[in-house]
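Breakdown of the fold
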Amino acid sequence: MKIAFSPCPNDTFVFHAWAHGLIPGAPGLDITYADIDITNGLAASGKGPDVLKISYAALPWVLEEYALIPCGGALGRGCGPLVLTAGDELAAEAGANTHQTPDPASLSGRRVAVPSERSTAYLLFRLWAAQAVPGGIGEIVVLPFDQIMPAVRDGKVDAGLVIHEARFTYPSYGLKLMRDLGSWWEEDTGLPIPLGAIIARRSLDLEAIAKWTRQSVQYAWAHPDASRDYVMRHAQEMSPEVTEAHISLYVNKYTESLGEDGYAAVTALLGRAAGEGLVPEVPASLLR
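Residues numbered from 1 in each chain as written. Predicted model: local features only at pLDDT ≥ 70, side-chain atom pairs only at ≥ 80, totals over all residues. Heavy atoms only, no water.

**A closer look at the nonpolar core**
Counting 54 residues, the largest nonpolar core has Ile54, Tyr56, Leu59 and Trp128 as its most contacted members. Counting residues per element, this core draws most heavily on helix 4 (residues 120–132), at eight residues. Apart from residues no more than four positions distant in its own chain, leucine 59 is found in contact with Ile54, Leu68, Ile199, Leu270 and Leu287. In this structure, Cys71, Ile209, Trp212 and Val231 belong to the second largest nonpolar core, which totals 26 residues. (Core = buried A, V, L, I, M, F, W, Y, C linked by side-chain atoms within 4.5 Å. Buried < 20%, exposed > 50% of the residue type's maximum accessible area, 1.4 Å probe, protein only. Helix = DSSP H or I, 4+ residues; strand = E, 2+ residues; numbered from the N terminus. Contact = heavy atoms within 4.5 Å.)

Dropping the structure here:
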């Protein structure tokens, strides 16, 4: 079975057991490792593999061909994307104290780097900015996620939208947190934040794929040391401490099962985004 997911620790941790033939009855996997912006494109092309990890923001464009698998993905609390700035210059221009949290209003007309324009992070940013940035953002610049913090630090952009392990490492770049969009979403909705979804072609045995995925998650929790070498091999030079923090944050009860809260979060995100004209409307029947 062909599958594509990112080399990030949460994905390799989740799929280690299935990838290594440790799930009874599950077919072998032919794996493509790719960042989520690439897997989003593969799914939208109609020529993607059987199973993929994509952004929830990309879901509305692929649901005719692919079904949402109710496990294996990334939702949660305290794990949202961050809006970062170098801080001092924007604060000084706005007449604010440089030791205070940067004011979102200072982003009006500015350049902001984002990792993708078809990502949950970008959807949340657009929804937040519509409330918090009078006059709107000036220019959106798409950069690979690992280039965003250096670009903000070096003054190439005024702010950056970051994901993944940047939550743990941004202080080392001398950057300041303007807004945690996960916290904003949770305060606004009371729901977890939907980040990454597992999807599979509707022509396949979806119940079986969900079962094998869930068993792989459960195996990872029951044998946390088994996947360590595999995870670190793909961890893109992350330290073991950051890798463990990454897994702890993004692999949680919603990874084992979306549940009612998970489905409510997905419905809320896509519904709000459709209301702003950011994504096509999604019939509820296609989500389950």
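**With respect to the sheet that holds strand 4 (residues 66–76)**
Strand order in the open sheet formed by five strands is 2-1-3-10-4, with mixed pairing between adjacent strands. Each edge of the open sheet carries a strand with a single partner, namely strand 2 (30–33) and strand 4. Across the sheet, the mean angle separating the axes of adjacent strands is 25 degrees when strand polarity is ignored. Two strands pair when backbone bridges link them, and strand 4 and strand 10 (residues 193–201) are joined in this way by seven bridges, in the antiparallel orientation. Across the sheet, isoleucine 69 pairs through a bridge with isoleucine 198, a residue of strand 10. Here helix 2 (residues 36–45) sits on the sheet in contact with strand 1 (2–5), strand 3 (51–55), strand 4 and strand 10, set at roughly 115 degrees to strand 3. (Pairing = 2+ DSSP bridges. Axes fitted to C-alpha atoms, helices over the stretch in contact; angles between N-to-C directions.)

**Some details on the pattern of salt bridges**
Following the criterion strictly, the structure yields ten salt bridges and no others. With a shortest N-O distance of 2.5 Å, lysine 53 and aspartate 11 are connected by a salt bridge. In this pair, lysine 53 is assigned in strand 3 and aspartate 11 in helix 1 (residues 9–19), connecting sequence segments 42 residues apart. A salt bridge links aspartate 180 to arginine 167; its shortest N-O distance comes to 3.2 Å. Residue aspartate 180 is located in strand 9 (residues 176–180), and its partner arginine 167 is located in helix 6 (residues 166–169); the two are separated by 13 residues in the primary sequence. (Salt bridge = Lys/Arg side-chain N within 4 Å of Asp/Glu carboxyl O.)

**With respect to empty space enclosed by the protein**
With the rule as written, the count across this model stands at one cavity of 30 Å³ or more. In this structure, the largest cavity encloses a volume near 30 Å³. Listed by contribution, the elements that provide at least two residues to the lining of the largest cavity are strand 4 and strand 10. No other element matches the five residues that strand 4 contributes to the lining of the largest cavity. Of the residues assigned to the lining of the largest cavity, the class counts are eight nonpolar, two polar and no charged. (1 Å grid on protein atoms, 1.4 Å probe; cavity = no way out; pocket = protein on both sides within 12 Å on 5 of 7 lines; lining within 4 Å. Points joined across faces, edges and corners; volume = space filled by probe spheres on them. Nonpolar A, V, L, I, M, F, W, Y, C, P; charged D, E, K, R; others polar.)

**Some thoughts on the environment of tryptophan 18**
Topologically, tryptophan 18 is positioned in helix 1. Residue tryptophan 18 is classed as buried on the basis of its relative accessible area of 2%. Residues tryptophan 18 and glycine 46, 28 residues apart in the sequence, show an inter-C-alpha distance of 25 Å. Contacts of tryptophan 18, omitting those with residues within four sequence positions, involve Met1, Ile23, Ala26, Pro27, Leu29, Ile209, Trp212, Thr213 and Ser216.

**A few points about helix 4**
Its 13 residues give helix 4 an end-to-end C-alpha distance of 18 Å, which sits within 8% of 18 Å, the value for a rise of 1.5 Å per residue. Within helix 4, burial applies to Thr120, Ala121, Tyr122, Leu123, Leu124, Phe125, Leu127, Trp128 and Ala129. (Expected span 1.5 Å × (residues − 1).)

**Here's the deal with the layout of surface pockets**
Taken as a whole, the largest pocket encloses approximately 460 Å³ of empty space. Taken together, 27 residues form the lining of the largest pocket, with Ile36, Asp37, Ser119, Ile163 and His164 sitting closest to its centre. Elements with a contribution of two residues or more to the lining of the largest pocket: helix 1, helix 2, strand 3, helix 4, strand 10 and helix 10 (240–250). In terms of residues, the lining of the largest pocket owes the most to one element, helix 2, which gives three residues. For the lining of the largest pocket, the per-class residue count stands at 13 nonpolar, ten polar and four charged.

**Quick notes on the sheet that holds strand 9**
With mixed pairing, five strands are arranged side by side in an open sheet as 7-6-8-5-9. Of all the strands in the sheet, just strand 7 (139–142) and strand 9 have a single pairing partner and so form its edges. Neighbour-to-neighbour, the strand axes of the sheet open up by a mean angle of 25 degrees, direction not taken into account. Two strands pair when backbone bridges link them, and strand 6 (residues 111–114) and strand 7 are joined in this way by four bridges, in the parallel orientation. What sits directly across from alanine 113, in strand 7, is valine 141. Most of the contacts of helix 4 go to strand 8 (residues 159–162), to which it runs at about 130 degrees, and overall it touches strand 5 (82–85), strand 6, strand 7, strand 8 and strand 9. Packed on one face of the sheet, helix 7 (residues 181–189) meets strand 5, strand 8 and strand 9 and runs near 30 degrees to strand 9.

None of this, on its own, says anything about what the molecule does.
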